[in-house]
Amino acid sequence: MTTQAAQSWLPYGRQSVEQEDIDAVAEVLRGDWLTTGPAVESFEEALAQAVGAPCVSVTSGTAALHVAYAGLGAGPGSEVVTSPFTFIATASSAALLGATVRFADVSDDTLNLDPQAAAALAGERTSVIAAVDYAGHPADLDELRSVADSVGARLLEDAAHSIGARYKGRPVGSVADATCFSFFPTKHMTTAEGGAVAAPDPAVLQAARRFARIGRDPQPQDTSQGAWWYEMSGFGLNYRLPDVLCALGAAQLRRLPAFLARRDELVARYDQLLSGVPGLRLPTRRADVEPAWHLYSVRVLDGRRREVFDRLRAAGIGVQVNYIPVYWHPVFADLGYRRGMCPVAEAAYAEQLSLPLFPDMTDADQDRVVEALRGVLDP
Ligand SMILES: *Cc1c(COP(=O)(O)O)cnc(C)c1O
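Here the residue index of a chain counts from 1 through its sequence in written order. Totals for whole chains, interfaces and linings use every residue, but because this is a predicted model, local features are given only for residues with pLDDT of at least 70 and side-chain atom pairs only at 80 or more, for both listing and counting. For side-chain calculations, the full set of non-hydrogen atoms in the structure is used, while hydrogens and water are omitted.

## Thoughts on the site of the ligand
Thinking step 1. Neighbouring the ligand are 14 residues, the closest being G61, T62, D158, S182 and K187.
Thinking step 2. Within the side chain of D158, an N or O atom sits 2.8 Å from a nitrogen atom of the ligand.
Thinking step 3. Identification of polar contacts relies on pairs of N or O atoms within 3.5 Å, with a donor-acceptor requirement for protein atoms, meaning one able to donate a hydrogen and the other able to accept it, and with residues adjacent in sequence counted only if both atoms are side-chain atoms. H161 has a polar side-chain atom sitting 2.9 Å from an oxygen atom of the ligand.
Thinking step 4. For the accessible areas, the method is Shrake-Rupley and the probe is 1.4 Å, while residue cover comes only from the protein chains on display. Isolated, the ligand exposes 380 Å² of accessible area, and the fraction of that covered by the protein chains is 91%.
Thinking step 5. To qualify as a helix, a DSSP run of H or I must reach at least 4 residues; to qualify as a strand, a run of E must reach at least 2; elements of each kind are numbered from the N terminus. With 3 residues, helix α3 (residues 61–72) is the single largest residue contributor to the shell around the ligand. To be near a molecule or strand, a residue needs just one of its heavy atoms within 4 Å of it.

So this is what it looks like as structure tokens:
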């Protein structure tokens, strides 16, 4: 018998850092600017090129959401319609601004916000419709845009999973009014902690940037003062991503195409190796998108998700569950959000399992996952 416990731990996601990334960081550390320097600007420019809209860099994906909601005008008295099948920051950052969060159910195939469910909750109080590109598959952006337009709301896209993806040929980042990225180590590219907001409309980008830069205006209104003069025309936070991390981001961005290609390869291989395994439903994709796969998300049928999760973890395989419906968390439950609100999301939660997927994962690592999964479901 092989002692699986003796095998090394295989995480569900991890960063890929090579010498070129380390060199880029070291160069900034030896220079004059650790923060607010030229590496910030060059990273933001490179990012804008890649995602098709001007960008502001921030300290995390959570900060990106906070800044984007602020830039889009979510606040007290307004409502935000979003998916519960996401990391809590998609909803909590809007709640922090004083907006009321309304959870609309997801589509069963992609687990992305269902436009019809969103339409049913949208109304004159809606300020933002916030989609999530679950697992890296772009949401129904055109349909959600129509819903937003019909009530005079803006469209936000939480693209923490999907940098590099395309929706009907357009890069994610160029479609929504504000698109939020995360550079956490498990995501497609990393700055350790970090994130960004892309916004095609200069007014949205400026409002987002001001909130992320402590409320400071790039140009003061009063031009009669001395060179020391600046103006804070809003309340904001310090969400500046330092030069050290922007340099890492620029180096990672150069490697993004290779990261995405390897993820595609691994996804195709999972699809092939797992097809026909009983009790397992594999991810699907719509015809009009090019996903950037962050998760390989399967459904374990017949009430066996817990058993599969526990046995794979015991074998050293870092499976995850993404996600617990956001309104099940005590912070929302205590506000009166009730279980049963979004039955499709809750049914998906009961079956969902994320298998390891990251660019430095080897075919042998993947074979180990497949073998362990088959060992439970198809012995
Ligand atoms: C990771 C993630 C976030 C938050 O990003 P951080 O960089 O961890 O703050 C937000 N939304 C989704 C869907 C995520 O996966």
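## A word on unusual backbone geometry
Negative phi characterises most residues that are not glycine, and trans characterises most peptide bonds.
Thinking step 1. At the junction of N322 and Y323, the peptide bond is cis and its omega measures out at 15 degrees in the coordinates.
Thinking step 2. Tracing the chain through its elements places Y323 in the loop between α9 (305–314) and α10 (330–333).
Thinking step 3. Even without a glycine there, the phi angle at L111 is positive, about 65 degrees.
Thinking step 4. Position of L111 among the secondary structure elements: in the loop between β3 (100–103) and α5 (115–121).
Thinking step 5. In this structure L111 comes out as buried when scored by relative accessible area, which is 4%.
Thinking step 6. The backbone of A192 sits at a positive phi, close to 75 degrees, despite the residue not being glycine.
Thinking step 7. Position of A192 among the secondary structure elements: in the loop between β8 (178–182) and β9 (195–198). Each residue's exposure class comes from its accessible area (1.4 Å probe, protein chains only) as a fraction of the maximum for that residue type: buried when under 20%, exposed when over 50%, partly exposed otherwise.

## Points about the domain arrangement of the chain
Thinking step 1. Where each domain begins and ends follows an automated or database-derived domain assignment. Each assigned domain of the chain is listed with its residue range as follows: domain 1 (19–252) and domain 2 (254–377).
Thinking step 2. Here the C-alpha centre of domain 2 lies 25 Å away from the C-alpha centre of domain 1.
Thinking step 3. Throughout, a contact is declared for two residues whenever any of their heavy atoms are within 4.5 Å. Taken together, the contact between domain 1 and domain 2 spans 41 residues of the former and 38 residues of the latter.
Thinking step 4. Throughout, buried area stands for the accessible area (probe radius 1.4 Å) lost by two parts on being put together, summed over both. Taken together, both faces of the contact between domain 1 and domain 2 bury some 3500 Å²; the carbon and sulfur share is 59%.
Thinking step 5. The salt bridge criterion pairs a side-chain nitrogen of Lys or Arg with a carboxyl oxygen of Asp or Glu, the two atoms within 4 Å. Viewed at the interface, domain 2 and domain 1 are joined by 5 salt bridges.
Thinking step 6. The salt bridge involving D109 is made with R286; its shortest N-O contact spans 2.7 Å.
Thinking step 7. Joining domain 1 to domain 2, the criterion identifies 26 residue pairs in polar contact (both at pLDDT 80 or more).
Thinking step 8. The residue makeup of the side of domain 1 that touches domain 2, split by class, is 19 nonpolar, 13 polar and 9 charged. Gly falls in the polar group here, along with every residue not listed as nonpolar (Ala, Val, Leu, Ile, Met, Phe, Trp, Tyr, Cys, Pro) or charged (Asp, Glu, Lys, Arg).

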